[in-house]
Amino acid sequence: MQAGFWLQRWREGRTHFHQEKVAPLLQKYWPALALAAGSQVLVPLAGKSLDMLWLAEQGHRVLGVELSQLAVEQFFSENQLQATTRNSTYGVHYTAGNIEIICGDIFDLDAALLSNCVGVYDRAALIALPTPMRTRYVQHVYGQLAQAYRGLLITLDYPQEQTDGPPFAVADDEVQALYGAHSQALIVERRDILDKEPRFSERGVTRLDSVVYRLQGKR
């Protein structure tokens, strides 16, 4: 997916992937990671996710990354947060309290920034990318996080031939191949959610699973 694809989706308001509440799976499984208060947590392709608010409420320093300036500005305005801004080589940084969102390209981030992230929460990034970009994304982002980082990854698994993405299907064997060089990816929950996602069944999808992984850096 090229940057223009997502920027247009935000401009046109075609953002069905945005959830109007904090993800229950985040609330259920994040505490077990036992990250210390003050830990920096990366939220890639963050959009205007309310999950960032919840992570900040747990005492973390949240670092979101999002291409769309519209999405970033909506996040702060809709949550009545007054952000300060500054520019860097990574993009425009919007900061309010312990939430910082960089309006820029995730692939422009480097080890100088990513190595400070000891946590990561990936609900909508990996599954937003087609196969060739997934390989590049995981190597670039996860390969440069803090060595013993911990995090959650949420994917979708369905017969990809039955409909086009995004969101794309990412089966467990692909997850293991993508992350195996530097991380442990352990399934903590797999759930059939087809009855809760009519958009998929209307397109002829016959199976749809939500899969939650606990991630642990092993470098």
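As shown above, the structure is provided for reference.
Residues numbered from 1 in each chain as written. Predicted model: local features only at pLDDT ≥ 70, side-chain atom pairs only at ≥ 80, totals over all residues. Heavy atoms only, no water.

Draft legend 1. Structural context of the overall build of the protein chain. A tally of regular secondary structure across the protein chain gives eight helices and nine strands. For a compact globule of 219 residues, the expected C-alpha radius of gyration is about 17 Å, and the protein chain comes in at 17 Å, within 12% of that figure. Burial analysis of the protein chain (219 residues in total) assigns 52% to the buried set. The long-range share in the protein chain, meaning contacts at least 24 apart out of those at least 6 apart in sequence, stands at 68%. When the accessible surface of the protein chain is summed, it comes to about 10,000 Å², and 50% of that surface belongs to carbon and sulfur atoms. (Helix = DSSP H or I, 4+ residues; strand = E, 2+ residues; numbered from the N terminus. Rg over C-alpha atoms; globule rule 2.2 N^0.38 Å. Buried < 20%, exposed > 50% of the residue type's maximum accessible area, 1.4 Å probe, protein only. Contact = heavy atoms within 4.5 Å. Areas by Shrake-Rupley, 256 points an atom, 1.4 Å probe, with all protein chains shown as cover.)

Draft legend 2. Quick look at the nonpolar core. Core analysis: the biggest nonpolar cluster contains 40 residues, and Leu42, Leu126, Tyr137, Tyr142, Leu145, Tyr179 and Leu215 have the highest contact counts within it. Here this core gets four residues from one element, more than from any other, and that element is helix H6 (residues 131-141). Ignoring any residue separated from it by four or fewer positions in sequence, one finds leucine 42 in contact with Leu63, Val65, Leu114, Cys117, Gly119, Val120, Tyr121, Val141 and Leu145. Counting 29 residues, the second largest nonpolar core, distinct from the first, contains Leu25, Ala46, Ala56 and Leu152. (Core = buried A, V, L, I, M, F, W, Y, C linked by side-chain atoms within 4.5 Å.)

Draft legend 3. Just the environment of alanine 171, in detail. Mapped onto the elements of the fold, alanine 171 is located in the loop between strand E7 (150-157) and helix H7 (172-179). Spatially, the C-alpha atom of alanine 171 lies 5.4 Å from that of aspartate 157, the residues being 14 residues apart in sequence.

Draft legend 4. Region of the structure containing the packing of H6 against H7. Relative orientation of the contacting elements H6 and H7 amounts to 40 degrees, with a least axis distance of 9 Å. The pairing of H6 with H7 is recorded here as oblique in orientation. On H7, the residues touching Thr131, Arg134, Thr135 and Val138 of H6 are Glu174, Leu178 and Tyr179. Among the residues forming the contact of H6 with H7, the class breakdown is three nonpolar, two polar and two charged. (Axes fitted to C-alpha atoms, helices over the stretch in contact; angles between N-to-C directions. Parallel < 35°, antiparallel > 145°, perpendicular 65-115°, else oblique. Nonpolar A, V, L, I, M, F, W, Y, C, P; charged D, E, K, R; others polar.)

Draft legend 5. Region of interest: the side chain of arginine 134. Its location among the elements puts arginine 134 in helix H6. Within the structure, the side chain of arginine 134 is placed 3.0 Å from the side chain of threonine 131, a separation counted as a polar contact. Among the polar contacts made by the side chain of arginine 134, one reaches the side chain of glutamate 174 at a distance of 2.8 Å. Not counting the four nearest positions on each side in its chain, arginine 134 is found in contact with Leu126, Leu129, Phe168, Ala169, Val170, Glu174 and Leu178. (Polar contact = N/O pair within 3.5 Å; in protein donor to acceptor, adjacent residues only side chain to side chain.)

Draft legend 6. Quick peek at the environment of leucine 67. Relative to the helices and strands, leucine 67 is located in the loop between strand E2 (61-66) and helix H4 (69-78). What makes leucine 67 partly exposed here is its relative accessible area of 31%. Residues leucine 67 and isoleucine 102, 35 residues apart in the sequence, show an inter-C-alpha distance of 8.2 Å.

Draft legend 7. Unusual backbone geometry, seen in detail. Note the cis peptide between glycine 165 and proline 166, where omega equals 0 degrees. Here proline 166 shows up in the loop between E7 and H7. Cis geometry marks the peptide bond from proline 166 to proline 167, where omega comes out at -5 degrees. With respect to the helices and strands, the residue proline 167 is situated in the loop between E7 and H7. Its identity is not glycine, yet leucine 45 carries a phi of approximately 45 degrees, on the positive side. Although it is not a glycine, glutamine 80 sits at a positive phi angle of roughly 50 degrees. Its place among the elements puts glutamine 80 in the loop between H4 and strand E3 (84-88). The exposure class assigned to glutamine 80 is exposed, which follows from its relative accessible area of 68%.

In short, geometric facts, not functional conclusions.
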